[in-house]
Amino acid sequence: MDSFPPSSPSEPDPEAEIHRLIGEVAKRHRIILAPGDPLFVVLTLLELVTDRYLEKADAILKAERDTSLDAMERAAASAKTTGEGLITAAADYVAKTVRSSTVELTDALSGTAAAERAKIELTAKDARRMTWLGSIVLAILFSILTGIAIGIWLAPDANGRFLHCPISSAA
């Protein structure tokens with residue numbers, strides 16, 4: 001019974017396992033086996049074949065796992081590259097859109113500012129005209145009043161004549 005591999009902490013003791021198997025066979029089939037029975041040799045052979053098969057299967061699984069991990073890493077790198085490309089393209093699109101919107105807004109504001117400036121200049125021109133016209137009217141009024149004052153000063157006797165008009169006395 002030394003063919004059983006040494007026990008690990010998770011596996012039971014080989015002799016305890018043999019006694020457990022003998023008890024289970026006796027319980028189920030009502031047959032008593034001895035620890036040196038050839039059946040245990042067959043079980044040992046099956047265990048060795050199974051261990052070898054499990055080692056091969058484990059190696060295949062490890063190789064498949066490594067292949068899968070490599071494929072997943074390549075897929076993740078590809079997805080990262082694609083994501084970076086999408087983000088860059090989206091950022092470029094947003095930047096171009098913002099630039100064109102800014103240019104359109106600047107042009108619209110410049111046009112509006114030019115129109116308002118033209119209105120202000122027209123209003124200022126009208127105000128200058130009105131100032132000149134007012135100044136001319138004031139100069140004319142001042143000239144008329146000055147002429148009247150000079151006329152009254154030069155002809156004091158005319159003052160009485162205006163007050164005593166023949167038309168006024170006939171009435």
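The rules behind the values
Residues numbered from 1 in each chain as written. Predicted model: local features only at pLDDT ≥ 70, side-chain atom pairs only at ≥ 80, totals over all residues. Heavy atoms only, no water. Helix = DSSP H or I, 4+ residues; strand = E, 2+ residues; numbered from the N terminus. Buried < 20%, exposed > 50% of the residue type's maximum accessible area, 1.4 Å probe, protein only. Expected span 1.5 Å × (residues − 1). Polar contact = N/O pair within 3.5 Å; in protein donor to acceptor, adjacent residues only side chain to side chain. Patch = residues over 30% accessible without salt bridge, like charges linked within 9 Å, V, L, I, M, F, W, Y side chains within 5 Å. Areas by Shrake-Rupley, 256 points an atom, 1.4 Å probe, with all protein chains shown as cover. Salt bridge = Lys/Arg side-chain N within 4 Å of Asp/Glu carboxyl O. Arc of directions from axis to C-beta. Contact = heavy atoms within 4.5 Å. pLDDT = per-residue confidence, 0-100.

**Student:** Which residues make up the overall build of the protein, and what values go with them?
**Tutor:** When helices and strands are tallied, the protein shows 4 helices and 0 strands. Every one of the 171 residues in the protein was classed for burial, and the buried ones make up 5%.

**Student:** How would you explain helix α2 (residues 38–154) if you had to name every residue and give the values?
**Tutor:** The end-to-end C-alpha distance of α2, which contains 117 residues, comes to 166 Å, matching closely the 174 Å that a straight helix rising 1.5 Å per residue would cover. In this structure Asp-37 caps α2, since a side-chain oxygen of it lies 2.9 Å from the backbone nitrogen of Leu-39.

**Student:** Mind laying out unusual backbone geometry, listing which residues take part and the relevant values?
**Tutor:** For Arg-30, which is not glycine, the phi dihedral falls at a positive 60°. Inspection of the secondary structure puts Arg-30 in the loop between α1 (14–29) and α2. The exposure class of Arg-30 is exposed, given its relative accessible area of 77%.

**Student:** Requested: an account of a nonpolar patch on the surface, with residues and values cited.
**Tutor:** The grouping of Met-130, Trp-132, Leu-133, Ile-136, Val-137, Leu-138, Ile-140, Leu-141, Ile-144, Leu-145, Ile-148 and Ile-152 at the surface amounts to a nonpolar patch, some 1,200 Å² of accessible area in total. Tracing the chain through its elements places Met-130 in helix α2.

**Student:** How would you sum up the pattern of salt bridges? Please name residues and give values.
**Tutor:** For the coordinates displayed, the defined rule picks out 6 salt bridges. Note that Arg-65 is salt-bridged to Asp-66, the shortest N-O span being 3.6 Å. Classification of Asp-66 as partly exposed rests on a relative accessible area of 38%.

**Student:** Explain α1 to me, using residue names and the numbers behind them.
**Tutor:** The end-to-end C-alpha separation of α1 is 22 Å, in line with the 22 Å expected for 16 residues at 1.5 Å each. Looking only at α1, the buried set comprises Pro-14, Ile-18 and Ile-22. Taken down its axis, α1 places every buried residue within 85° of arc, on the same side. Among the exposed residues of α1, those oriented more than 90 degrees off its buried face are Lys-27 and Arg-28. On its buried face, α1 sits against α2. Arg-30 occupies a position one or two residues after α1 and carries a positive phi of about 60°.

**Student:** Requested: an account of the confidence of the model for the protein, with residues and values cited.
**Tutor:** On average, residues of the protein score 85 in pLDDT, and 84% of them reach the 70 mark or higher. Here helix α4 (residues 166–170) stands out as the element of the protein with the lowest mean pLDDT, 52, in contrast to α2, whose mean of 92 is the highest.

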